[in-house]
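Chain and residue survey
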Amino acid sequence: MLYNSLLDEKVPFVPASGPGSKSLSWYTCGPTVYDVSHMGHARNYVTFDIIRRVLEDYFGYNILYVMNVTDVDDKIILRARRNYLLAKYKEGKHTDAEVKAFAEKAVQNCFAKQSAKLAEAEALVVAAKEEQEAAAADKKGGLQRQLNELEGAIKNEAHKLSQIQTALSALGQAGDSATIYAVASDFVAEELDREQGKSVTDSSIFRAHAAKYEAEFTQDMDSLGVRCPDVLTRVSEYMDEIVDYVKKIVDNGIAYESNGSVYFDTTNFRACGHTYGKLKPWAVGSAALAAEGESNFETSEKRSNTDFALWKASKPGEPFWESPWGQGRPGWHIECSAMASTLIGSRMDIHTGGDDLRFPHHDNELAQAEAFYHNEGCHQWVNYFLHSGHLEIEGLKMSKSLKNFITMREALKSFSARQLRLLFVLQSWNKSMVYGEASRAEMKAREAQLKNFFQNIEVAVRGVDEITSCAKWQAEERDLSQKLQAVQNQVHEHLLDNMNTAAVMDTLSELIKSTNIYLSKKRESASAAAPAQPFLLRKVSTYVTRMLSMFGIVDASWDKPGFADAAGGAGDAKGAGYLDAFAAFRDEVRSLSRTQADPKETMTACDRVRDVALVELGVRLEDRPDGKAIWKLDDPAVINAEQQERAKTASEARSFIHGGVQSTEY
């Protein structure tokens with residue numbers, strides 16, 4: 001079963017090529033490369049990387065995975081042009097007073113514009129409420145969903161206005177140009193673009209801007225362990241195919257030319273027997289929801305307010321390409337329909353993207369493809385539409401437009417790629433999730449549990465002759481084996497049920513707990529009939545590793561149990577480090593012995609090698625009540641952080657006791 005946005009429910013998954021087929025086609029909407037990638041993007045691309053891995057590595061599907069890069073778009077044009085104009089302005093000889101005056105004008109203009117947008121959004125909500133209250137019972141559900149989205153838009157517009165007000169306040173305190181730019185550079189760039197944008201005619205400015213952020217996006221995906229697509233398409237490289245695609249839709253009578261632009265005819269599309277707005281029918285007719293990603297959505301050139309641009313006539317300050325309708329560039333939506341059709345054809349299995357793309361982008365994609373293949377009788381271009389849930393922060397969707405985002409690179413300074421992947425695996429892929437302290441704490445706790453599990457297994461089998469220690473299974477072994485089999489069945493059912501990775505992780509957690517209990521019993525009972533059975537332990541750890549490897553949480557091959565960075569090995573430079581630490585410790589102990597030093601000094605040396613030398617090598621040495629220490633491998637940064645936390649807690653405890661003594665003296 002898989003949640004299909006086309007039906008808004010979970011449905012059986014059947015490949016387009018037949019129930020027994022293992023071949024799938026998959027198109028995913030890639031980035032619009034106008035700015036840095038943030039955690040909202042990670043939510044989308046890591047989430048679908050996990051689903052792709054499950055389909056390929058667990059269920060054995062052979063997937064043609066296609067991803068586009070939008071390198072021609074309104075947002076790219078605006079950002080590239082503004083960055084260029086801002087850089088030129090900064091090169092000019094402007095006094096601090098001149099820069100501040102211009103910045104104040106720019107911010108005031110943005111404030112007026114945003115205030116109007118907020119008022120308009122509030123008016124739309126009032127109208128939507130009235131319509132919803134007056135509607136027939138069978139229409140109320142859809143209108144309520146539209147109302148919910150419009151109310152969400154008010155929160156977004158109010159947040160943007162608040163940011164402008166904050167900038168205005170900060171600008172009043174700013175004196176030098178550097179501080180002014182730090183506060184208001186985006187507003188200054190927007191004002192410069194309004195005044196001078198038409199003068200930017202060098203097309204290389206736009207291409208260089210897109211190429212820069214495409215390279216950064218690729219590096220970010222690699223840092224997160226996201227598998228590369230099989231095919232990567234760029235809009236700039238598919239202009240001929242896009243023009244031909246638009247031309248055929250026009251020839252089919254479902255698009256029309258107007259003043260050098262071409263618009264999709266939604267009215268005639270319906271008249272031809274098609275349905276417009278399959279993914280979000282309640283959003284159709286709402287200009288506020290349909291205008292996303294289209295800067296000139298409301299124009300007198302269109303026959304209907306629901307029509308949208310397939311080809312945009314060239315304007316000054318924009319890149320352009322030749323077409324039968326004159327110089328221009330593609331609309332946002334047409335690129336995906338054209339490129340996906342070129343590579344996949346008239347029927348694809350899976351199409352994915354973020355939930356914010358459902359309407360208008362994906363609904364318009366569907367309409368364009370059905371219009372293109374109209375004479376072939378196409379009424380369903382995509383079989384399964386999957387949309388990842390939003391990543392929210394402080395009650396709002398994380399996005400660039402709201403300026404409330406955390407870049408991937410910033411996140412990777414605080415968390416490892418494994419931890420971020422765990423963060424998403426522990427959530428439902430198609431539901432909104434909150435990037436907050438609770439979700440981050442759960443992720444860290446789960447990682448610690450996994451790490452401790454692998455370390456315990458490694459300690460239990462270290463130095464053990466697996467053949468000679470193999471003994472007749474007792475009740476404990478039979479119980480653990482049965483638990484493993486039950487978990488394997490449950491994991492399979494969870495993956496069949498809409499790729500429920502969160503439930504899979506919970507089930508693996510139960511297996512880990514059972515294994516830890518088994519190990520604890522074996523350690524506590526010295527008279528046990530047999531030690532912990534290494535073959536059984538390896539089977540359990542190998543299965544857990546296989547599941548984690550499938551999710552991309554473990555980098556190593558699944559038949560090598562454990563985390564790759566804690567697998568051990570004392571070869572080459574790392575092995576030399578271990579030997580150096582041992583030699584230095586031996587020298588110190590011998591010196592203390594020769595001088596007949598106080599035994600406390602020897603104990604101090606032992607503590608020092610445990611707490612400093614071995615920690616730097618990623619070795620955790622743990623003392624046990626029976627006087628025998630055990631070692632485990634871990635990240636040095638993690639061990640150091642734990643030591644610092646323990647030292648801090650001890651210091652606070654001493655301060656508290658000392659303070660208490662002082663209070664009794666007074």
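Everything in this summary refers to the structure shown in the same document. By convention here, each chain's residues receive numbers from 1 onward along its written sequence. This being a predicted model, a pLDDT of at least 70 is required before a residue's local features are given, and a value of 80 or more before pairs of side-chain atoms are given or counted; all residues contribute to the totals for chains, interfaces and linings. Excluding hydrogens and water, the side-chain figures rest on all heavy atoms present in the structure.

**Quick look at the pattern of salt bridges**
A side chain with one charge may pair with a side chain of the opposite charge, provided their charged atoms come close. Note the threshold: What counts as a salt bridge is simple: a side-chain nitrogen of Lys or Arg found within 4 Å of a carboxyl oxygen of Asp or Glu. Secondary structure is summarised from DSSP: a helix means a run of H or I of at least four residues, a strand means a run of E of at least two, and numbering begins at the N terminus for each. Exposure categories follow from relative accessible area, calculated using a 1.4 Å probe and restricted to protein chains: below 20% of the type maximum is buried, above 50% is exposed, and the middle band is partly exposed.
One pass over the full model with this rule turns up 43 salt bridges. Of the charged contacts, one joins K10 and D497 as a salt bridge, the two residues approaching to 2.7 Å between their closest N and O atoms. Taken together, the residues span a long stretch of sequence, with K10 in strand β2 (residues 9-11) and D497 in the loop between α15 (475-496) and α16 (501-524) at a distance of 487 residues. A residue is classified by how much of its surface remains accessible, and D497, at 31% relative accessible area, is partly exposed. Of the charged contacts in the structure, one is a salt bridge between E370 and K278, with a shortest N-O distance of 2.5 Å.

**Quick notes on the packing of aromatic side chains**
Heads up, the rule is: We call Phe, Tyr and Trp rings a pair once their centres come within 6.5 Å, taking the six-membered ring for Trp, and we label the pair stacked below 30 degrees between planes, edge-to-face above 60, and tilted otherwise. Charge-over-ring placement is defined geometrically: NZ (Lys) or CZ (Arg) within 6 Å of the ring centre, and within 35 degrees of the ring normal.
Going through the model one piece at a time under the given rule, you end up with 16 aromatic pairs. Between F13 and Y61, the aromatic rings sit 5.9 Å apart at their centres with planes inclined by 90°, giving edge-to-face as the arrangement. Of the two residues, F13 is situated in the loop between β2 and β3 (23-28) and Y61 in the loop between α1 (39-58) and β4 (62-69); the sequence distance between them amounts to 48 residues. Exposure class is identical for F13 and Y61. Each is buried. Aromatic pair Y245 and F372: ring centres 3.8 Å apart, planes at 5°, arrangement stacked. Residue Y245 is found in helix α7 (residues 239-251), and its partner F372 is found in helix α11 (residues 358-372); the two are separated by 127 residues along the sequence. Comparing Y245 with F372, the two get one shared label, buried. Counting every residue linked through ring pairs, the aromatic cluster contains W26, F48, Y65 and W429. The ring of Y435 carries the charged tip of R440 above its face, separated from the ring centre by 4.9 Å.

**Notes on the packing of helix α3 (residues 96-134) against helix α4 (residues 137-173)**
Spelled out, the test is: The angle between two axes is taken between their N-to-C directions and runs from 0 to 180 degrees, where each axis is a line fitted to C-alpha atoms and a helix contributes only its stretch in contact. Put simply, angles under 35 degrees are roughly parallel, angles over 145 are roughly antiparallel, angles from 65 to 115 are roughly perpendicular, and the rest are oblique. The hand of a helix crossing depends on one turn: near helix anticlockwise from the far one by less than a right angle means left-handed, and clockwise means right-handed.
With their axes 9 Å apart at the nearest point, α3 and α4 run at an angle of 160° to one another. Overall, the two elements α3 and α4 adopt an arrangement that is roughly antiparallel. For the crossing formed where α3 meets α4, the hand is left-handed.

**Regarding unusual backbone geometry**
Following F359, the chain continues into P360 via a peptide bond in cis, with omega recorded as 10°. Examined against the element boundaries, P360 turns out to sit in helix α11. Despite not being glycine, M499 has its phi angle at roughly 50°, a positive value. Residue Q596 is not a glycine yet carries a positive backbone phi of 50°. Structurally, Q596 can be placed in the loop between α18 (572-594) and α19 (599-616).

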